[in-house]
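# Notes for the structure review
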Amino acid sequence: MDISQATLQAPETLGVPHGLARRVFEQTGVAVFFFGTDGVSMTSDEAGGDRALQESLAALAPDAAAQGADVVIVDPSSVTAAWPIRQRRRTIMVAAARVEARSEEGRSMARRLLAAAAEAVRAGFDNAAAKAENHAAAESLLQSYEEVSLLHHLGEVLRVNRPVSAILEQVCGELLQTVGADAAAAYLPGAEGVASESIIAGRLPFRAEDLPQVVAHLLDLMGTDGPSAGISGSVIVNNHCQDDPVLSGVSIALDRIVMVPLTDGQGRRGALLAANREDLEFGSPDAKLIRSAASATSIFIENQRLFRELQELMLDLVRSLVSSVDAKDPYTCGHSERVAITCRCLAEAIGLSPDEVQTVYMAGLLHDIGKIGTPEQILRKEGRLEPEERLVIQRHPVIGGRILAGIGKLDSIRDAVLYHHERIDGNGYPSGLKGDQVPLLARIVGLADAFDAMTSNRPYRPMLPLDEVRREIERNSGTQFDENLAKVFLNLDLHQLMRQFVERPTTVCI
Ligand SMILES: [Fe+2]
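Procedures and definitions
- Residues numbered from 1 in each chain as written.
- Predicted model: local features only at pLDDT ≥ 70, side-chain atom pairs only at ≥ 80, totals over all residues.
- Heavy atoms only, no water.
- Helix = DSSP H or I, 4+ residues; strand = E, 2+ residues; numbered from the N terminus.
- Rg over C-alpha atoms; globule rule 2.2 N^0.38 Å.
- Buried < 20%, exposed > 50% of the residue type's maximum accessible area, 1.4 Å probe, protein only.
- Contact = heavy atoms within 4.5 Å.
- Areas by Shrake-Rupley, 256 points an atom, 1.4 Å probe, with all protein chains shown as cover.
- Lys, Arg positive; Asp, Glu negative; His and termini not counted.
- Charge placed at Lys NZ, Arg CZ, Asp CG, Glu CD.
- Donors = N, O, S within 2.8 Å, 3.2 Å for Na, K, Ca; no water.
- Tetrahedral: all angles 85-135°; square planar, octahedral: opposite > 155°, others 65-115°.
- Salt bridge = Lys/Arg side-chain N within 4 Å of Asp/Glu carboxyl O.
- Pairing = 2+ DSSP bridges.
- Axes fitted to C-alpha atoms, helices over the stretch in contact; angles between N-to-C directions.
- pLDDT = per-residue confidence, 0-100.
- Patch = residues over 30% accessible without salt bridge, like charges linked within 9 Å, V, L, I, M, F, W, Y side chains within 5 Å.

This next bit is on the overall build of the protein. Summing up its helical and strand segments, the protein has 18 helices and nine strands in all. Relative to its length of 510 residues, the protein is extended, with a C-alpha radius of gyration of 40 Å against a globular reference of 24 Å. Expressed as lengths along the three principal axes of its C-alpha atoms, the size of the protein is roughly 135 × 50 × 35 Å. Within the protein, the proportion of its 510 residues that are buried is 47%. Intrachain contacts of the protein at a sequence separation of at least 6 include 62% that bridge at least 24 residues. Accessible area of the protein: about 25800 Å², with a carbon and sulfur share of 51%. Both charge centroids of the protein, one from 50 positive and one from 69 negative side chains, sit 5 Å from each other.

Structure representation (structure tokens):
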């Protein structure tokens, strides 16, 4: 088991460049031997095979390495040279060679040959180092590209109104492709009022129901001091899972795993992982990718929770405000919440998006907010209203529209509030809009409003039976109500809808 933080290294920088001794021999005719700074041979057989010469030259290596300078020894029968090879200001090994020469002229030639060999050796190392650096740079660039690409893709789908499971599915799918693993998985344990999330992409080498156990075991190995919300500081890489009794007990098919903790900012601690990859161990590039994905996902989950809390707070505030309006008329207590629920049902039935459904629900809640400016004696009056009283009450859509006019985000809701008493035939108020001039949200609210009025007891009449309500909506379809909306509405299970009025929390009637 290793907690991987290793940086990428190109193997060429650590040994003799492949084929260098052979190339130097072909260029200069000099057989070069390579030694560690302690004199241990690093030469392969391709350099020759003269064991006695090799041992003799090995004795020069420690001195040449210690001096950090070329050593040349001239004797009557030969010239011997040893050259320290330096990389990044450090002597990494020593190259050495001997050329036989029995005359003054021969020794002079031998020195020139050895100098040429030294130059070829050093050029060979420089080339290899440059290649290694290029390789590292290319790998690093590729890694950065993959990381940026992964985060870019995730950025496109991380929306606070998407469920956590959909986001985790996307993250696992992206990881599966980017890392090239057999499987990618995400797990978050359940908490009070929140179900656990278990998402798998690809072919997991163990049973899906064992995912929590695998995650819990690896988290235990990482220790209890997990990363704080949104910051996954640690990662676990195991390329020999069969050496771990717990993992091998879960599945004999699990070979490799890389895992990063995943948090939700509320104490839930799960993980994002990739499992098994044919012929290639997981390493620090994979760990880095998964860590980036886990960080982005953790932050998203936390943001989503905060967004929901804000949304619920806003809804509670709106309900409180609406309660104060509904309370002005005991006969309409809970009316706004029932209209909102009906609006939501109808919006879902006609296929509006979740965001639009939420907007329609809010419009339903707020549709009568303008009645805050209507005198209670008119709202509470039993019996028929006088014409002037009717005019006063008919001002509530305009007052409601004015109340919401200063809130830019509520533009579409304001229109629904302002026009919810318009009719398709143009005989509504306050503007006498006709047909498609009446905004869709206002048409939905208008129908839901009429439905609640008909199914509620009023001072001047008891609630109507559902069959009669249906007939009334059918009769007014195309005149008071939008024909298509009325058709969809009449196909709803209205009993089930009305059960929601009782089951769901409603505004409090003061
Ligand atoms: Fe109204």
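From this point, the narrative continues.
Attention shifts here to the coordination of the iron ion. At 2.2 to 2.3 Å from the iron ion lie its protein donor atoms, namely Asp368 (OD), His396 (NE2), His420 (NE2) and His421 (NE2). In this structure, the iron ion is surrounded by four donor atoms whose angles at the metal cover 82 to 168°, and the resulting shape is irregular. Between consecutive donors of the iron ion, the numbers of intervening residues give the motif D-x27-H-x23-H-H.

This model, assessed by the stated rule, comprises 19 salt bridges. With its nearest N and O atoms 3.4 Å apart, the salt bridge here joins Arg380 to Glu376. For Arg380, a relative accessible area of 40% corresponds to the partly exposed category. Note that Asp425 and Arg423 form a salt bridge whose closest N and O atoms lie 2.8 Å from each other.

Taken across its ten residues, strand S3 (residues 78–87) has nine buried, putting it largely inside the fold. Bridge count for strand S2 (residues 71–75) against S3 is five bridges, and the pairing is antiparallel. Note that in S3 the partner of Val71 across the bridge is Ala82. Here S2 hands over to S3 after two residues, the two strands then running antiparallel side by side. Hairpin connection from S3 to strand S4 (residues 90–100): two residues lie between these consecutive antiparallel strands, with Arg88 at a positive phi of about 50°.

Most peptide bonds take the trans form, and the phi angle of most residues other than glycine is negative. A cis amide bond links Tyr429 to the next residue, Pro430, at an omega of 10°. One can find Pro430 in the loop between helix H14 (411–419) and helix H15 (440–454). Even without a glycine there, the phi angle at Asn276 is positive, about 60°. The topology assignment puts Asn276 in the loop between strand S9 (269–275) and helix H8 (284–326).

What follows is about the environment of Val357. Locating Val357 in the fold gives a position in helix H10 (residues 354–366). As a C-alpha pair, Val357 and Gln394 span 37 residues in sequence and 27 Å in three-dimensional space. When residues no more than four places from it in sequence are discounted, the contact partners of Val357 are Arg344, Ala347, Glu348 and Leu352.

Spatially, S1-S4-S3-S2 is the arrangement adopted by the four strands of the open sheet, whose pairing is antiparallel. Unpaired on one side and paired on the other, strand S1 (33–35) and S2 mark the two borders of the sheet. Strand-to-strand twist across the sheet, computed as the mean angle between neighbouring axes with direction ignored, equals 20°. Packing of helix H4 (residues 104–157) onto the sheet brings it into contact with S1, S2, S3 and S4, and relative to S3 it is tilted by some 20°.

On to the confidence of the model for the protein. Across the protein, the average pLDDT comes to 85, with 92% of residues at 70 or higher. This model gives residues 1–13 a pLDDT under 50, and the stretch forms 25 contacts once residues within four places in sequence are excluded. Below a pLDDT of 50 lies the segment residues 226–232, which in the model reaches 19 contacts outside its immediate sequence neighbourhood of four places, other chains included.

Another aspect to go through is a nonpolar patch on the surface. Taken together, the side chains of Leu310, Leu313 and Leu317 define a hydrophobic patch exposed on the protein surface, amounting to about 320 Å² of accessible area. Here Leu317 lies in helix H8. Among the residues examined, Leu317 registers a relative accessible area of 55% and is labelled exposed.

Along the chain, the position of Thr374 falls in the loop between H10 and helix H11 (376–379). Apart from residues no more than four positions distant in its own chain, Thr374 is found in contact with Lys328, Leu379, Val392, Ile393 and His396.

Attention now goes to the environment of Thr263. Summarising the element assignment, Thr263 is placed in strand S8 (residues 257–263). Taking the relative accessible area as the measure of exposure, Thr263 reaches 7% and is therefore buried. Taking C-alpha positions, Thr263 is 9.9 Å from Pro189, a pair spaced 74 residues apart along the chain.

A few words now on the pairing of strand S5 (residues 183–188). The side chains of a regular strand alternate, residue by residue, between the two faces of the sheet. The element S5 is largely enclosed, with a buried count of six among its six residues. Here S5 shows no split at all, with Ala183, Ala185 and Tyr187 on one side and Ala184, Ala186 and Leu188 on the other all buried. Of the strand pairs in this sheet, S5 and strand S6 (residues 197–202) are connected by six bridges, and their pairing is antiparallel. What sits directly across from Ala185, in S6, is Ile200. When S5 meets S9, the two strands line up antiparallel, connected through five bridges. Looking at S9, one finds that Ala186 is bridged to Leu272.

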